[in-house]
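Understanding the architecture of this molecule
One-letter residues, chain by chain:
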Amino acid sequence: MLRSLPTQIATLGALRHPNIIQLYGITSPESTENSSDLYMVSEFCAGGDLLAYMKSPFFQEVEEFVRVILEILSGIVYLHGCGIAHRDLKPANVLILTGEGGGTVKLADFGLAKSQQSCKTVGLGTPAYMAPELFQEDDGDIDAFKTDIYSCAVIIFQLWHKESPWGSMSPHKIMSKV
């Protein structure tokens, strides 16, 4: 996790959008045995992640489903407009900032984010949400923006059907199916 911290700090520090988690600062504990410990201070999303939220009473109406999807997509459009691909979109990385009438969607965990559309990295992410091209072993460029959209489609499927399109398949089995 520590390797991805500089990426998250650099990425989040530059972003300002209602559907992107806000980074308030970086701190280190005053008394610690390891002086390299750093902590990111960000918005507190008391609503938990998207998987927990979809089981809540707030998430029973079609209107709420549509609102959540539009907020996820709004965050992605903003990221892509800034030239950033998230590359690890999944319900655990979509947090809910609670408030009146439900909660605001916040995209989080930018440890795999990339500030370019084209990349050669394959095999990064969570298999159930990874685009098929990320399982290939060739050296061709991969459009990271398109892989984010694929991940969004899997999330939409999961929210609508209340289960993953892959059921309870193991990551290895998912990779062979995709």
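Presented here is a report on the structure given in the accompanying data block.

**Observations regarding the overall build of the chain**
When its secondary structure is counted, the chain shows five helices and six strands. A buried classification covers 41% of the 178 residues belonging to the chain. Contacts in the chain between residues far apart in sequence, at least 24 positions, make up 60% of those at least 6 positions apart. With the model as given, the accessible surface of the chain reaches about 9,800 Å², and the carbon-plus-sulfur share is 56%.

**Notes on the environment of Gln158**
Turning to its location among the elements, Gln158 is positioned in helix α4 (residues 144-161). Between the C-alpha atoms of Gln158 and Leu51, which are 107 residues apart in sequence, the distance is 9.2 Å. Other than its neighbours up to four places away in sequence, Gln158 contacts Leu51, Met54, Pro91, Tyr129, Glu163 and Ser164. Looking at Gln158, its side chain comes within polar contact range of the side chain of Tyr129, at 2.5 Å.

**Considering the side chain of Thr147**
Position of Thr147 among the secondary structure elements: in helix α4. Exposure remark for Thr147: the relative accessible area of 5% places this residue in the buried category. Other than its neighbours up to four places away in sequence, Thr147 contacts Ala131, Glu133, Leu134 and Ile142.

**Things to note about the pattern of salt bridges**
Oppositely charged side chains may form a pair once their charged atoms are brought near each other. One pass over the structure, following the stated rule, counts four salt bridges. Ionic pairing is found between Lys90 and Asp88, a salt bridge with its closest N-O pair at 3.9 Å. A relative accessible area of 18% places Lys90 in the buried class. Look at Asp88 and you get buried, because its relative accessible area is 9%. Shared partners join several salt bridges into a network, and the residues in it are Glu64, Arg67 and Glu71.

**Points about the packing of helix α3 (residues 62-81) against α4**
Where α3 meets α4, the axes come as close as 11 Å, and the angle between the chain directions of the two elements is 170°. In terms of their interaxial angle, α3 and α4 are classed as roughly antiparallel. Contacts from Val62, Phe65, Val68, Ile69, Ile72, Leu73, Ile76 and His80 of α3 reach α4 at Phe145, Asp148, Ile149, Cys152, Ile155, Ile156, Leu159 and Trp160. A per-class count over the contact of α3 with α4 returns 14 nonpolar, one polar and one charged.

Rules used throughout
- Residues numbered from 1 in each chain as written.
- Predicted model: local features only at pLDDT ≥ 70, side-chain atom pairs only at ≥ 80, totals over all residues.
- Heavy atoms only, no water.
- Helix = DSSP H or I, 4+ residues; strand = E, 2+ residues; numbered from the N terminus.
- Buried < 20%, exposed > 50% of the residue type's maximum accessible area, 1.4 Å probe, protein only.
- Contact = heavy atoms within 4.5 Å.
- Areas by Shrake-Rupley, 256 points an atom, 1.4 Å probe, with all protein chains shown as cover.
- Polar contact = N/O pair within 3.5 Å; in protein donor to acceptor, adjacent residues only side chain to side chain.
- Salt bridge = Lys/Arg side-chain N within 4 Å of Asp/Glu carboxyl O.
- Axes fitted to C-alpha atoms, helices over the stretch in contact; angles between N-to-C directions.
- Parallel < 35°, antiparallel > 145°, perpendicular 65-115°, else oblique.
- Nonpolar A, V, L, I, M, F, W, Y, C, P; charged D, E, K, R; others polar.

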